[in-house]
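# Topology and contacts: notes
So the chains spell out like this:
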Amino acid sequence: YMEGGADWSATGGKYILRGYNKKYADENPALYGHYTLICLPPTFVGILAYNSLTWLNVFPMAPDRCLIFSAGLYEGKVPSGKYTNYFVDAFFKEDKEICERVQKGVQAHHTSGGRLVEMERIVVDFHNYLGTRMFGDPKPEIYAAPEMSNILG
């Protein structure tokens, strides 16, 4: 988690490069293999990497169903093949399983909910977005992760 609030969030990290993308990581490991994820509620999530911007829009259709549209822009040749397909499939599979478990938990009558880890602060930002839009809650101040002060100055 880097910084965010009720109107937007930014997170970032590293990912493991394979196949087509690995040659770029070998040339400049400090740059390649990092990403920034940008969330603009209620529906947009974008992932900015060294040679691409990919995004998805999530449109709720019912309490237990949504549509997801995704697309991307790439520098040069569009990556394809088993590694790209594996990453996309694994990314959506993981999120689908997590969201389905959360949906079951939301419907439970005898629970008070779970705790989020710091890495999932983006979920807190989304909850704040919902609170401001649905209940008129005041917008909390922008939160910056403490370690970001060393980077941002």
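An account of the accompanying structure is given in this report.

### Some details on the pattern of salt bridges
Any two side chains of opposite charge can pair, given that their charged atoms come close. Summed over the entire model, instances satisfying the criterion amount to 2 salt bridges. The salt bridge involving Asp-7 is made with Lys-139; its shortest N-O contact spans 2.7 Å. With a gap of 132 residues between them, Asp-7 in the loop between strand 1 (3–4) and strand 2 (9–14) and Lys-139 in the loop between helix 3 (121–134) and strand 7 (143–144) connect regions that are remote in the sequence. A relative accessible area of 33% means that Asp-7 is categorised as partly exposed.

### Focus: the environment of His-34
Relative to the elements of secondary structure, His-34 occurs in strand 3 (residues 34–40). A relative accessible area of 29% places His-34 in the partly exposed class. For His-34 and Ala-49, which are 15 residues apart along the polypeptide, the C-alpha to C-alpha distance reads 6.3 Å.

### Regarding the environment of Ala-49
Checked against the element boundaries, Ala-49 lands in strand 4 (residues 44–49). The class for Ala-49 is buried, based on a relative accessible area of 15%. C-alpha separation for the pair Ala-49 and Thr-36, spaced 13 residues apart in sequence, amounts to 6.6 Å. If we ignore the near neighbours within four places in the chain, the residues touching Ala-49 are Tyr-15 and His-34.

### Section: the sheet that holds strand 7
What the 7 strands build is an open sheet, ordered 6-5-4-3-2-1-7; its pairing is antiparallel. Two strands in the sheet have a free side with no partner beyond their single neighbour: strand 6 (65–74) and strand 7. The pairing of strand 1 with strand 7 spans 2 bridges and is antiparallel. Considered in strand 7, the bridge of Glu-3 is made with Ala-144. Contacts from helix 3 reach strand 1, strand 2, strand 3 and strand 7, with the element oriented near 165° to strand 2.

The rules behind the values
- Residues numbered from 1 in each chain as written.
- Predicted model: local features only at pLDDT ≥ 70, side-chain atom pairs only at ≥ 80, totals over all residues.
- Heavy atoms only, no water.
- Salt bridge = Lys/Arg side-chain N within 4 Å of Asp/Glu carboxyl O.
- Helix = DSSP H or I, 4+ residues; strand = E, 2+ residues; numbered from the N terminus.
- Buried < 20%, exposed > 50% of the residue type's maximum accessible area, 1.4 Å probe, protein only.
- Contact = heavy atoms within 4.5 Å.
- Pairing = 2+ DSSP bridges.
- Axes fitted to C-alpha atoms, helices over the stretch in contact; angles between N-to-C directions.

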